[in-house]
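Below are the chains, spelled out letter by letter.
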Amino acid sequence: MRSLLLLLLGLVLHQGCCLEFVIDGEWDEKATDMRDHRERHKRAILPNEEREHDEGIQGENITVKSYKVESRITSRFAHTTVKSSVVNSGSKSQSIAFNVQIPKQAFISNFTMNVNGITFVGTVKEKTVARNLYAQARARDKAAGIVRSNSLDMETFKTEVHVPAGSNIEFELHYQEMLLRKLGVYEHTLYLQPGRLVPHFNVDVYIYEPSGISTIQASNSLGAQLSELTQVTSSKDKAHVVFKPTLQQQRKCPDCSDTVIDGVLTVRYDVTRDSNVGELQVSDGHFVHFFAPSNLSPLPKNIVFVIDVSGSMWGVKMKQTVEAMQAILDDLTMEDNFSIIDFNHNVRCWSEELVPGSSIQIADAKKYVQSIKPNGGTNINEALMRAVQMLVKASNHGLIDPRSVSMIILVSDGDPTVGEIKLSTIQKNIKRAMREEFSLFSLGIGFDVDYDFLERIAMENRGLAQRIYANHDAAQQLRTFYSQVSSPLLRRIAVQFPDDSVTEVTQNRFDKYFSGSELVVAGKVLPSESDRLTSFTTASAARLDITLETEVDMTELDMELAKQQHSFTGFAKQMWAYITIKQLISERSLAPTAVKKRKITQRIMTLAVEHQFVTPLTALLVESEDAKERLLADSPKDPKHGCCSGQAFAGPSPVQLVYQPPPWVQMTTPAPLREVEKGPIAFHLPDKVNLVDNDPHFIIHLPGSNTDVCFNVDSKPGHILSLVSDYGTGLAVTGQLISSKQEHKGKLRTYFGLISVYYKPEGVSVAVSTDQITMTDGRNNHSFTWEATTDLTQDGVKISIKKNSHVTVTINNNIQVMVLLHRVWRKHPVNVDFLGIYLPNTNQYSPVVHGLIGQFSREPEVSVYDIHEGAERLKKEATMEVKGNKLIVTRGWQKDYRHDKKQGSNIYCWFIHNSGKGFIDGHYTDYIVPQLNSFIQMF
C-alpha cells in the first residue's frame, strides 16, 4: 500500500494528463491551479518519471498463465483488447499490478477484472456522477491504480489489486484509436511488457481495409532471437499479424527465468488508392470520407525558422537542433523561400528578408546555424513578431506566390523571460499580427517549457504543436516533424455533400494538405430513398483548381463487414464519435466565454457516455456486481500539456470545429461553402463531330454539304500523329499509336494509346493514356486516374474527367477535345485498351490550323457523283472530286462510341482508300511528328 501511495504522490506532483484510478477520494482540481514557477518545477522533474520502468505484471510469487493482445483494425480504426490471467502463487495476500502502455491518442473504452469469481465491470459516466458513486463505496484497500504519461507516444494504464493467497485474477482492458497516416503509412503500435514468462502469450492484429491493402510490414524491438517470429499473412483487403513466442523463446537464456519480451511490436501499412478522389465509406448509418491524394506537384513554401538560443539550450539540445537544421535546409529547393531567426534576450536575423533556397544561400545558412552559441534569456514575443513581419513584408511586395504555403517553425525549450512575458498578451499579439494565409508550428524541446502555451499559439494560427523529447534523439524527431510538413500539395480543401444527405459532419474544411498524410471527414447519413451517397471535394493545387466527385453504395460495406470474421463492425459510428470528441476538446480549450465552454463540455460528456470513451470530462467506474467495491478511472486536465498530453490538434477558426486527426491539417476562414450540385454536370459534344476511333478510323463531318467522309491511317506502333496543329492559338493535339497483342487475320491492328493536348501560351500539356490523365505546366506535374469523376482548371485549361468513361479538355471556353476510354477484357488474347478522340466542328481555331483533323476546319469543296453498285452488294461506290483530285470512294459506315461504348452508333460515310490519299493534304506520313507536344512543320 505504501508503494501505491508513493505512486499517487508522484502523480500529484506532475499531474500527467491521462486516466487516474483514485483510491483515497476525489481528485483535487485546486492542485491544478498553481503558479507558473511551481508548474515549471513540475515540468522539470518529468524526465525522471519518464525513465521509470513498469513491468506489465508486478508482484512476488505470482504466475502469469496467459497474456493475450488482440487488435481489430477496420478502415483505420482500431479496437484493441489486452487480457491477462494471473494467480497469486504465494503463501500470503499481496498486491498484484496490471500495467498496459497504450497510445496517447487512444480512448480507453472499458476495463473489467475478475478476482476469485467476483467480476468488476467498467462503465463510462460523467466525471461528477462517477466520483459520487465511487465516494459512496470506497475500494477499502482492495484495488487501486493510476494512468500516467510515459515515453514519446504512450501512456500507462496501471491498476493494482490486493488479493489473498491462491487467488485467480483476470484483467481485460479495451481501448480504441484512429490510426493517423504519416509519411505515407498507418502505424499501429503495441507495447509488450508482461514482466514474466507466460505459457500462453499471443498477439493477433487483424486488418480489414475495404479498398485494399497496398503494403504491410510488421516488426518488433524485442531482440534478434524474436525478430523472425512476427508473421504476416495478407490478401487483397485483409491482413493478419501473429506473434506467438513459446515459453522457451521468451527466456533471456536457455536456463533463465526472466523474459526477453520488453518492447514494441509495430505494424505499418497503407491502403490501395485507385484515384486522387478519396475513399467514401458508409456503415451503420454513418459515413467516413478519407482523402489522401498523391501524384501532385508540391506547392512552394515560405518558411521562417525561429530558433531559441537561450542559455538553457546549451549542450545536447543545441547540438541536436543544429544537426536537424542541416538536414532540413538541404531539403529546400529554389521554389522555396526561407530565413532564420535566432533569439535569446535579443533577436537576430540571418537574413532580414526571405531568400530562395539556392545552394549558395543554404550553405551560408548552415554556417550561420553552426556558429550559434546559446546564452541569455528567452524573448519569444519579439522573435515571433519579427518572423511575422518578414512574411507580411514579402507578401506586400508580391514576393510570395499566392498559391504557396507560408509558415513559421518555432523551436524552443523554455518560457518567455525577457521582453513581453505575459503569455496571454503574447498569444494576442501573435494572433493579431498573423494573416490567414500564415501558419505557426511550435516545437517544444524537453519538459521545461510551457507546452500548453506553445499548443495554443499554434492552434490559433492554423498550425500545431509537438513536444520534442530531449532525452531521446531530438534531431531525428525534428527531422521527422519537418518531413511531414515539407511537401504541401493542396490548399483550401473543402469536402461537401448534397443538401439533406448527411448531418453532424465533422470538420470539412482544411487549410492545407501535406503529402503522406490524410484528411478524414465523418458524419451521420440521413434517411433517403437513394442507396447512394455522393461527396464533392474542392481544392487548390499549384496553379490548379480541382473538383472531385466520390460516390458509394450505402449498403455494400455493411454486407461485406458481416462476412468478415475479425472486422470491427461498429467502426464508422465509433470513428465519428472519436473525431467529434477530439475536435470538441480542442474547441473547448479555445472557448471565448464560460457559457460556450459549458455547452461544449456537456456535448463532450454526452457523446463520451453514449460511445463509452474515457475522456478528460468522463470517468470509468469499475465496480463489483453488488456495487460494494468500486474503482474509478479518472482523467483530470493537465493545464501544461493541454487536455490530452502528447496530442496535437489542428488550429481552428474562431467558429469552426477542429479535431486531432488527420495530422498537419489546419483550419482557415474561407468564404462560405458554395452549394454543391446534386450530381455531375454532363458534357455533350454536338451530334456532328470530327472523330478518330478504333483502328484508327477517321470520320470528318463537312457541315456545308452535310457529308461525312472516312479514312483509315495504316501507320505503325509508336508513331505520333498530328491531329490538330494550330500555331495561331498555340494548340497541338497529337496521338501515339499502340498495337494489338498479336495479329488478327494476318494484320496487326493499331490504336491510339496516348492523346496529348498541348496549349503553348500557358505551357500546359494534358496527356491522356489508358491508365491516367497527367497535367503538366513545365514546373508542376499532376496525375489522376480514370477511377474518379474530377474537374481541373488551370490557366484557361479545364479538364473534366468522367469516371471510367471520357475526358473533356476545354481551352479558353472555345476549343473542346473529348478523349473516350475503351476498356477490354484484360486477358483478351488480341485486343488492348485504347482511346478515341472527338472534336466538334464549332471549335474556334485560327486560320493557320492544320493536322489530320485540323485542316478540315476550312471545309473543302466536295462533289460526289456516279453513284453505283460496288464490289460488295451493300456498299455503293462513287466518284468524289475534292482538292482537284478524283477519288473512287465506297459507301460504308464507321462507329461513334460516345453514347454506346460497346456497340457504338453507325455513321454512314464515303470511305477514302489508301490512308486518305487525295483527301488529306500530302501523305499521311507527313503528319508523323517527333514528340507529343509537336506542331507539324509543313503546309
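Residues numbered from 1 in each chain as written. Predicted model: local features only at pLDDT ≥ 70, side-chain atom pairs only at ≥ 80, totals over all residues. Heavy atoms only, no water.

Caption draft 1: Summary view of the sheet that holds strand β11 (residues 181-182). An order of β11-β12-β17-β14 is seen for the four strands of this open sheet, with the pairing classed as antiparallel. The strands lining the two open edges of the sheet, one partner per strand, are β11 and β14 (213-220). As defined by bridge partners, β14 adjoins strand β17 (residues 263-271) across seven bridges and the pair is classed as antiparallel. Residue pairing across strands places Ile-213 opposite Val-271, the latter belonging to β17. (Pairing = 2+ DSSP bridges. Helix = DSSP H or I, 4+ residues; strand = E, 2+ residues; numbered from the N terminus.)

Caption draft 2: Focus on helix α6 (residues 359-370). The terminal C-alpha atoms of α6 lie 17 Å apart, and with twelve residues this matches the ideal 16 Å at 1.5 Å per residue to within 8%. Every buried residue belonging to α6 is among Ile-362, Ala-365, Lys-366, Tyr-368 and Val-369, and all of these are buried. Buried positions in α6, seen along its axis, are confined to an arc of 160° and lie on one side of it. Turned more than 90 degrees away from the buried face of α6 sit Ser-359, Ile-360 and Lys-367, all of them exposed. Buried-residue contacts for α6 involve α5 (316-330), β21 (337-343) and β22 (347-349). (Expected span 1.5 Å × (residues − 1). Buried < 20%, exposed > 50% of the residue type's maximum accessible area, 1.4 Å probe, protein only. Arc of directions from axis to C-beta. Contact = heavy atoms within 4.5 Å.)

Caption draft 3: Broad picture of the pattern of salt bridges. The full count for this structure, using the stated rule, is 36 salt bridges. Notably, a salt bridge pairs Glu-504 with Lys-524, separated by 3.4 Å at the nearest N-O pair. With Glu-504 in the loop between β28 (502-503) and β29 (509-514) and Lys-524 in strand β30 (residues 519-525), the pair connects residues that are 20 residues apart, well separated along the chain. Looking at Glu-504, the relative accessible area reads 35%, which means it is partly exposed. Among the ionic pairs, Arg-532 bridges to Asp-553, the shortest N-O distance being 3.9 Å. Of this pair, Arg-532 sits in strand β31 (residues 532-541) while Asp-553 sits in strand β32 (residues 544-553), and the two are 21 residues apart along the sequence. Given a relative accessible area of 36%, Arg-532 falls into the partly exposed group. (Salt bridge = Lys/Arg side-chain N within 4 Å of Asp/Glu carboxyl O.)

Caption draft 4: Quick peek at the state of the cysteines. For the structure shown, the criterion picks out two disulfides. Bridging Cys-253 to Cys-256, the disulfide has an S-S length of 1.7 Å. Because the sign of the S-S torsion sets the handedness, a value of about 95° for the bond joining Cys-253 and Cys-256 places this disulfide among the right-handed ones. Looking at Cys-253, the relative accessible area reads 30%, which means it is partly exposed. The disulfide bridge from Cys-710 ends at Cys-909, spanning 1.7 Å between sulfur atoms. Across the disulfide from Cys-710 to Cys-909, rotation about the S-S bond amounts to roughly -120°, and the bridge is consequently left-handed. Of this pair, Cys-710 sits in strand β37 (residues 707-712) while Cys-909 sits in strand β52 (residues 905-912), and the two are 199 residues apart along the sequence. If you count the bonded cysteines of the chain from the N-terminus, they pair up as 1-2, 3-4. (Disulfide = S-S within 2.5 Å.)

Caption draft 5: Layout of the sheet that holds strand β19 (residues 286-291). Spatial strand order, β18-β19-β30-β28: four strands in an open sheet with antiparallel pairing. On the outer flanks of this sheet lie β18 (279-283) and β28, each paired with one strand and no other. Alignment of β18 against β19, held across five bridges, turns out to be antiparallel. Considered in β19, the bridge of Gln-281 is made with Val-288.

Caption draft 6: Local environment of the side chain of Thr-80. The residue Thr-80 is located in strand β4 (residues 77-88) in this model. Note on Thr-80: relative accessible area 0%, which makes it buried. Apart from the residues lying within four places of it in its own chain, the contact partners of Thr-80 are Val-69, Glu-70, Ser-71, Leu-173, His-174, Tyr-175, His-188 and Leu-190.

Caption draft 7: Structural detail: α5. With 15 residues, α5 should cover 21 Å at 1.5 Å per step; its first-to-last C-alpha distance of 22 Å lies within 8% of that length. What α5 keeps buried is the set Lys-317, Met-318, Gln-320, Thr-321, Val-322, Ala-324, Met-325, Gln-326, Ile-328 and Leu-329. Turning to α5, the residues buried within the fold contact β20 (301-308), β21, α6, β24 (405-412), β25 (438-445) and α10 (474-485).

Caption draft 8: Structural view of the confidence of the model for the chain. Averaged over all residues, the pLDDT of the chain is 84; the fraction at 70 or higher stands at 86%. Counted against residues more than four places away or in other chains, residues 139-151, with its pLDDT under 50, gives 70 contacts. pLDDT under 50 marks residues 636-683. Its contacts with residues more than four places away, or in other chains, come to 175 contacts. (pLDDT = per-residue confidence, 0-100.)

Caption draft 9: Representation of the environment of Ser-769. Along the chain, Ser-769 turns up in strand β41 (residues 764-769). Relative accessible area serves as the criterion here: at 16%, Ser-769 is assigned to the buried category. The sequence separation of Ser-769 and Gly-753 amounts to 16 residues, and the corresponding C-alpha distance is 5.9 Å. Those residues in contact with Ser-769 that sit more than four places away from it in its chain are Gly-753, Leu-754, Trp-786 and Leu-835.

Caption draft 10: Representation of the packing of α5 against α6. Contact pair α5 / α6: the axes reach a minimum separation of 10 Å and the direction vectors enclose 175°. The orientation of α5 relative to α6 falls into the category roughly antiparallel. Residues Val-322, Met-325, Gln-326, Leu-329 and Asp-330 of α5 lie in contact with α6, whose contacting residues are Ile-362, Ala-365, Lys-366, Val-369 and Gln-370. Its residues assigned to classes, the contact of α5 with α6 comprises six nonpolar, two polar and two charged. (Axes fitted to C-alpha atoms, helices over the stretch in contact; angles between N-to-C directions. Parallel < 35°, antiparallel > 145°, perpendicular 65-115°, else oblique. Nonpolar A, V, L, I, M, F, W, Y, C, P; charged D, E, K, R; others polar.)

Caption draft 11: Quick look at the nonpolar core. Core analysis: the largest hydrophobic core is formed by 84 residues, its most contacted members being Phe-287, Leu-490, Leu-533, Val-733, Val-766 and Phe-919. Setting aside chain neighbours within four positions, we find Phe-919 in contact with Ile-700, Val-709, Phe-711, Gln-855, Phe-856, Val-882, Lys-883, Leu-887 and Ile-912. Grouped together as the second largest cluster of nonpolar side chains are 53 residues, Ile-62, Ile-96, Leu-173 and Ile-261 included. (Core = buried A, V, L, I, M, F, W, Y, C linked by side-chain atoms within 4.5 Å.)

Caption draft 12: Just the packing of aromatic side chains, in detail. What the rule picks out here adds up to 23 aromatic pairs. The interplanar angle of 15° and the centroid separation of 5.7 Å between the aromatic rings of Tyr-67 and Phe-201 together place this pair among those described as stacked. Placement of the pair is Tyr-67 in strand β3 (residues 62-74) and Phe-201 in strand β13 (residues 200-208), with a sequence separation of 134 residues. Accessibility classification places Tyr-67 together with Phe-201 in one group, the buried group. (Phe/Tyr/Trp six-rings, centres within 6.5 Å; stacked < 30°, edge-to-face > 60°.)

Caption draft 13: Up close: the pairing of β37. Across the six residues that make up β37, a large majority, five, are buried. Bridging between strand β36 (residues 697-702) and β37 involves six bridges; their strand directions are antiparallel. Counted as the bridge partner of His-697 is Asn-712 from β37. Where β37 lies against β52, three bridges are found, and the strand directions are parallel.

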